[in-house]
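# Structural description and commentary
Below are the chains, spelled out letter by letter.
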Amino acid sequence: MDNEQALEEIRKNIKDGKNDIAGPQIMDLASKNQQDPMLMLTCASMLLTIGDDKNFPALISVIMTHLPEDEEGRYQVASALISVGSLKEAGTILADLTPSDKVHRARAAVFHGTHRYEDALASLGAMNVMEEPDLVLKVQVLGSMGKHEKAIALAKEILAGSTTYRAGRCYISALVLADRSKEAAKYAKERMKDKSADGYALMAYYQWLNGNSTASGAFSSKALKLENKHLGAMETIGLSFADKGSIWEAKIAAGAINEIEPGSPAVFRILALCKE
């Protein structure tokens, strides 16, 4: 059986809830591919998906001792490490890479995740061209620093040139963090008037932030009926299930996200809530 076949079999077992079988399969595949850091990272991601925190650190340690020699390969490993929450290890790799926009972007994500907010802003400021995801990250950093007016102002600038779910979510988050939930609700209601998947998903996100998991799940379902692979709605419905104690359903949502976007941070946010 080659690696792709092995991965498919593991994914099927995870989807079927056969974690007792998937766990040993993951570790066996990893042990046979220690020279392949990206495959090892896939294995590490699947360990998190099944809730195996015990073996996860061992795989990360092996990955750090088998890094690619080329900078692009190291950058790819660092990016994947960020996705699975191994920020310290990602930062170690990124510190030695030649500065570029994508390296600055990754460093900013690490700095934000490790509460080094001034460093995160400096990394974003060093970029030649900031794209929407970078601006959204800057809003998040400013909000984490308590600079809410600046965060909201920047979120409004993003919205002026974009109607994406990501931009809307960024604005709602900035408002709620600034204790301006009424404005966030007003915006979410306006977006919902077009009866689009994004509109319902944004209302679901607003409801989730305000602690209403039942309403969040309902609006997420409406979004998914219109767009069954809407990642934002899939995350909020997964979080809502976990919050209500429906762990099996939450893990199904996490698994579905992982199939569409392997290593998505949304998966681990849902699984973390399942543990709580």
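Not measured: the values here are computed from a predicted model.

It is worth spelling out the nonpolar core at this point. Judged by nonpolar contacts, the single largest core of 95 residues is most densely connected at Leu94, Val139, Ile172 and Tyr206. Leave out the neighbours within four places in its chain, and Val139 touches Ala151, Leu154, Ala155, Ile158, Cys170 and Ala174.

Relative to the helices and strands, Ser213 resides in helix H14 (residues 213-226). Sequence-wise, Ser213 and Ser240 are 27 residues apart; in three dimensions their C-alpha atoms are separated by 4.7 Å. Ignoring anything within four residues of it in the chain, the contact list for Ser213 reads Trp208, Ser240, Asp243 and Lys244.

This brings us to the packing of helix H8 (residues 117-125) against helix H9 (residues 132-144). How two helices pack is summed up by the angle between their axes together with the distance between the axes. At a minimum axis distance of 10 Å, the contact between H8 and H9 shows a crossing angle of 155°. As the angle between them shows, H8 and H9 are arranged roughly antiparallel. Once H8 is placed against H9, the crossing between them reads as left-handed. Touching Tyr117, Ala120, Leu121 and Leu124 of H8 are Asp134, Leu137, Lys138, Val141, Leu142 and Ser144, all from H9. Residue composition of the contact of H8 with H9, grouped by class: seven nonpolar, one polar and two charged.

Once that is clear, we can look at H8. Each turn of an α-helix holds 3.6 residues, which means side chains three or four residues apart point in the same direction. Those residues of H8 that fall on the buried side of the exposure criterion are Tyr117, Ala120, Leu121, Ser123 and Leu124. Buried positions in H8, seen along its axis, are confined to an arc of 160° and lie on one side of it. In H8, the exposed positions that point more than 90 degrees away from the buried face belong to Glu118 and Gly125. Tucked inside the fold, the buried residues of H8 contact helix H7 (101-113) and H9.

Now for the packing of aromatic side chains. A complete count under the given rule lists one aromatic pair for this structure. Residues Tyr171 and Tyr187 carry aromatic rings whose centres are separated by 5.1 Å and whose planes lie at 90° to one another, so their mutual orientation is edge-to-face. Placement of Tyr171 in helix H11 (residues 165-177) and of Tyr187 in helix H12 (residues 181-192) is noted, with a sequence separation of 16 residues between them. The class of Tyr187 is buried, set by a relative accessible area of 14%. Residue placement shows Lys102 over the ring face of Tyr75; its charged tip is 4.6 Å from the ring centre.

Unusually for a residue other than glycine, His115 sits at a positive phi of about 65°. Mapped onto the secondary structure, His115 falls in the loop between H7 and H8. Even without glycine at this site, Lys195 takes up a positive phi of about 55°. The class for Lys195 is exposed, based on a relative accessible area of 59%.

Reading the values: rules and limits
- Residues numbered from 1 in each chain as written.
- Predicted model: local features only at pLDDT ≥ 70, side-chain atom pairs only at ≥ 80, totals over all residues.
- Heavy atoms only, no water.
- Core = buried A, V, L, I, M, F, W, Y, C linked by side-chain atoms within 4.5 Å.
- Buried < 20%, exposed > 50% of the residue type's maximum accessible area, 1.4 Å probe, protein only.
- Contact = heavy atoms within 4.5 Å.
- Helix = DSSP H or I, 4+ residues; strand = E, 2+ residues; numbered from the N terminus.
- Axes fitted to C-alpha atoms, helices over the stretch in contact; angles between N-to-C directions.
- Parallel < 35°, antiparallel > 145°, perpendicular 65-115°, else oblique.
- Left-handed = near helix turned anticlockwise from the far one by under 90°.
- Nonpolar A, V, L, I, M, F, W, Y, C, P; charged D, E, K, R; others polar.
- Arc of directions from axis to C-beta.
- Phe/Tyr/Trp six-rings, centres within 6.5 Å; stacked < 30°, edge-to-face > 60°.
- Lys NZ or Arg CZ within 6 Å of the ring centre and 35° of its normal.

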